[in-house]
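Coordinates in review
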Amino acid sequence: MATKSAHHGDNYINFEKGLWSWLTTVDHKRIGLMYMATVMFFFLIGGIMALLLRLELFAPNAAANVGNVLKNGDVYNQVLTYHGAIMVFMVIVPGIPAILGNFFLPLHIGAKDVAFPKINLASWYCFMAGAALAIATFFFKKIDTGWTFYTPYSIRTGTATVLMVLGAFVMGMSSVLTGLNFIVTVHKLRAPGMTMHRMPLFVWALYSTAILQLLATPVLAITLLLLAAEKLFGVGIFDPALGGDPVLFQHFFWFYSHPAVYIMIIPAMGVVSELITTFSKKVIFGYTAIAYSSLGIAAVSFFVWGHHMFVSGQSATAGIIFSFLTMLVGVPTAIKMFNWVATLYKGSVSFDSPMLFALGFLFLFAIGGVTGIMLAVLPIDVHFHDTYFVVAHFHYVMVGGTLMALMGGFYYWFPKMFGKMFNESIARLSFVFIFIGFNVTFFPQFILGAMGMPRRYFDYIPAYENLNKISTIGSWLILTGFLMGLWVIVQGLRNGPKAPLNPWGSKTLEWQTASPPPHDNFAVEPIVTAGPYEYR
């Protein structure tokens, strides 16, 4: 625990030294960096698995070609499961809130820390414990259920399903604790003058996400406990052989997992709001509309889970209602898109690397959003169900959107976090590779889906070969882009020049303190007298 007093020149990095000081820290900035290190590690593992999957799918007749890296369909299913579980539960869900949210939410509202610093540290240990349990299954009975753990297969398989869902349960606890902390922090620790309508939009996004984390995650936790009880004790909840209902599991699972989509994407929208206004040097258009759109998306997300179950046998009436409700999500989302574009209009736009990632987000998210509306239409969804069209849509929204925002946000706040600048040219080049690579990888999958290629299959017919080859080559471009990004970070940390206090000319509060920030964030408690984007 931090016990010494701050001195001139101290910052959160050198305030205390040694591994123990990090492992016991309650400083939100250090905890954010601890999340960053762990999420980056899991992203590496999940990314390697994605590359293996794409390599396997490079050509058909897998046993006879160079793509035969996963040996057989069972291994393919296992790698597919771990790729999905790691990327969803250990990378994209915790990514922006745990890293950038932890680091910048208190700085954004002029607070010294989050409301419950010790609980904040406990949430990181929960995350690590849950991740360790989930990863441990890899060394015992590898699971092959897919990241959705659908019953009755997940109950009957002889793999380590219980240990995996226990890991997801514990990681869910971490998410709940973080959400609770953020809500209380926003309500109780704002600096004098920092009204709700003077908060940066990133804080509004984190606040909306925290509500989702707090309300939706317990549903998943209960569902996973019921699944474990079913498997261990045969209580007969989801297994039809025991009188249970497997569709009930899907209801419970998607009641959490569709809001979880917005747990992943709303924080990304918050980052993009900051980037667009900063690099347009313009007051953001429609501040109030964007802020309340985050809450609107969060609210509507609780009523759309049924669109994942159009072919599960639910009634036609339920299908029509869920189809309509799903389209409603497009309203607050479109409001955000309109306001971002309106902010760009007649702005003094500069194309620094963070802004490139923000613009990349707009492009990818627009494609993901439009195809999402298509999938909300019942007959179209039935046609594309369980094809690569859904895979492409999911990755355009979740991976393209979230990772674009995460990379953009990380480049944007890197000077504040570490007090150093980075190689801007290589950072821009990393964007080019990631953006082009992403589209080369996933756009052909829309066509594959339209042609009828099913997802989660180990092999395929020769008619799908060319597009799969293009998709696999795209994955190598993404890898190149992220390796460049890693080089930018390492080079910046080791040899980057000292960063100016506010290199981007931003107006939000975190740029009014030293870089890196002192242990207590601000030498003097700030008094807020205006909104966060006063570029007039």
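See above for the structure.
Residues numbered from 1 in each chain as written. Predicted model: local features only at pLDDT ≥ 70, side-chain atom pairs only at ≥ 80, totals over all residues. Heavy atoms only, no water.

**Brief notes about the overall build of the protein**
- Along the protein, the regular secondary structure elements total 16 helices and zero strands.
- Over its C-alpha trace the protein gives a radius of gyration of 23 Å, about what one expects of a compact globule, namely 24 Å for 536 residues.
- Along the longest, intermediate and shortest principal axes, the C-alpha atoms of the protein span 65 × 50 × 45 Å.
- Every one of the 536 residues in the protein was classed for burial, and the buried ones make up 58%.
- For the protein, restricting intrachain contacts to residue pairs at least 6 apart in sequence, the fraction spanning at least 24 positions comes to 81%. (Helix = DSSP H or I, 4+ residues; strand = E, 2+ residues; numbered from the N terminus. Rg over C-alpha atoms; globule rule 2.2 N^0.38 Å. Buried < 20%, exposed > 50% of the residue type's maximum accessible area, 1.4 Å probe, protein only. Contact = heavy atoms within 4.5 Å.)

**Description of the packing of helix H4 (residues 117–136) against helix H6 (residues 161–188)**
- The geometry of H4 relative to H6 is characterised by a closest axis approach of 7 Å and an angle of 165 degrees between their N-to-C directions. With respect to their mutual orientation, H4 and H6 come out roughly antiparallel. For the crossing formed where H4 meets H6, the hand is left-handed. Contacts between H4 and H6 involve Ile119, Asn120, Ser123, Cys126, Phe127, Ala129, Gly130, Ala131, Leu133, Ala134 and Ala136 from the former and Leu163, Met164, Leu166, Gly167, Val170, Met171, Met173, Ser174, Leu177, Thr178 and Asn181 from the latter. (Axes fitted to C-alpha atoms, helices over the stretch in contact; angles between N-to-C directions. Parallel < 35°, antiparallel > 145°, perpendicular 65-115°, else oblique. Left-handed = near helix turned anticlockwise from the far one by under 90°.)

**Some thoughts on helix H10 (residues 316–328)**
- End to end, H10 covers 19 Å across 13 residues, agreeing with the expected 18 Å (1.5 Å per residue, within 8%).
- Those residues of H10 not exposed but buried are Gly319, Phe322, Ser323 and Thr326. Buried residues of H10 fall within an arc of 105 degrees about the axis and therefore sit on the same side. Facing away from the buried side of H10, by more than 90 degrees, are the exposed residues Thr317, Ile320 and Phe324.
- Buried residues belonging to H10 abut helix H11 (330–344), helix H12 (353–376) and helix H13 (378–384). (Expected span 1.5 Å × (residues − 1). Arc of directions from axis to C-beta.)

**Brief notes about the packing of helix H2 (residues 28–56) against helix H16 (residues 465–495)**
- As a packed pair, H2 and H16 sit with axes 9 Å apart at the nearest point and diverge in direction by 155 degrees. Judged on the interaxial angle alone, H16 and H2 are roughly antiparallel. The two elements H2 and H16 cross, and the hand of that crossing is left-handed. Seen from H2, the contacting residues are Met40, Phe43, Leu51, Arg54 and Leu55; seen from H16, they are Asn468, Ser471, Thr472, Ser475, Trp476, Leu479, Phe482, Leu486 and Ile489.
- Among the residues forming the contact of H2 with H16, the class breakdown is nine nonpolar, four polar and one charged. (Nonpolar A, V, L, I, M, F, W, Y, C, P; charged D, E, K, R; others polar.)

**Considerations on the pattern of salt bridges**
- What the rule picks out here adds up to seven salt bridges.
- Close ionic contact of Lys29 with Asp27 constitutes a salt bridge, the shortest N to O distance being 3.0 Å. Across this residue pair, the class does not change: Lys29 and Asp27 are buried.
- A cluster of three or more residues bridged by salt bridges with shared partners is formed by Asp352, Glu424 and Arg428. (Salt bridge = Lys/Arg side-chain N within 4 Å of Asp/Glu carboxyl O.)

**A word on the nonpolar core**
- Judged by nonpolar contacts, the single largest core of 161 residues is most densely connected at Ile265, Trp340, Phe361 and Met417.
- Setting aside anything within four residues of it in sequence, one finds Phe361 in contact with Ile265, Ala268, Met269, Val272, Trp340, Ala366, Gly401, Met404 and Ala405. (Core = buried A, V, L, I, M, F, W, Y, C linked by side-chain atoms within 4.5 Å.)

**A word on the environment of Phe140**
- Take Phe140: it is sitting in the loop between H4 and helix H5 (153–156).
- Phe140 gets classed as exposed once you look at its relative accessible area, which sits at 59%.
- C-alpha of Phe140 to C-alpha of Ala160: the two residues are 20 residues apart in sequence and 7.2 Å apart in space.

**Looking at a nonpolar patch on the surface**
- Residues Met40, Leu479, Leu483, Leu486 and Val490 make up a contiguous nonpolar surface patch of roughly 400 Å² in combined accessible area.
- The element that contributes the greatest number of residues to the nonpolar patch is H16, accounting for four residues.
- Checked against the element boundaries, Leu483 lands in helix H16. (Patch = residues over 30% accessible without salt bridge, like charges linked within 9 Å, V, L, I, M, F, W, Y side chains within 5 Å. Areas by Shrake-Rupley, 256 points an atom, 1.4 Å probe, with all protein chains shown as cover.)

**Quick word on the side chain of Ser506**
- Note that Ser506 resides in the segment after H16.
- Only 3.2 Å separates the side chain of Ser506 from the side chain of Thr508, close enough to count as a polar contact.
- At 3.5 Å, the side chain of Ser506 forms a polar contact with the side chain of Trp511.
- Setting aside residues no more than four positions away along its own chain, Ser506 makes contact with Thr278, Tyr412, Trp511, Gln512 and Tyr535. (Polar contact = N/O pair within 3.5 Å; in protein donor to acceptor, adjacent residues only side chain to side chain.)

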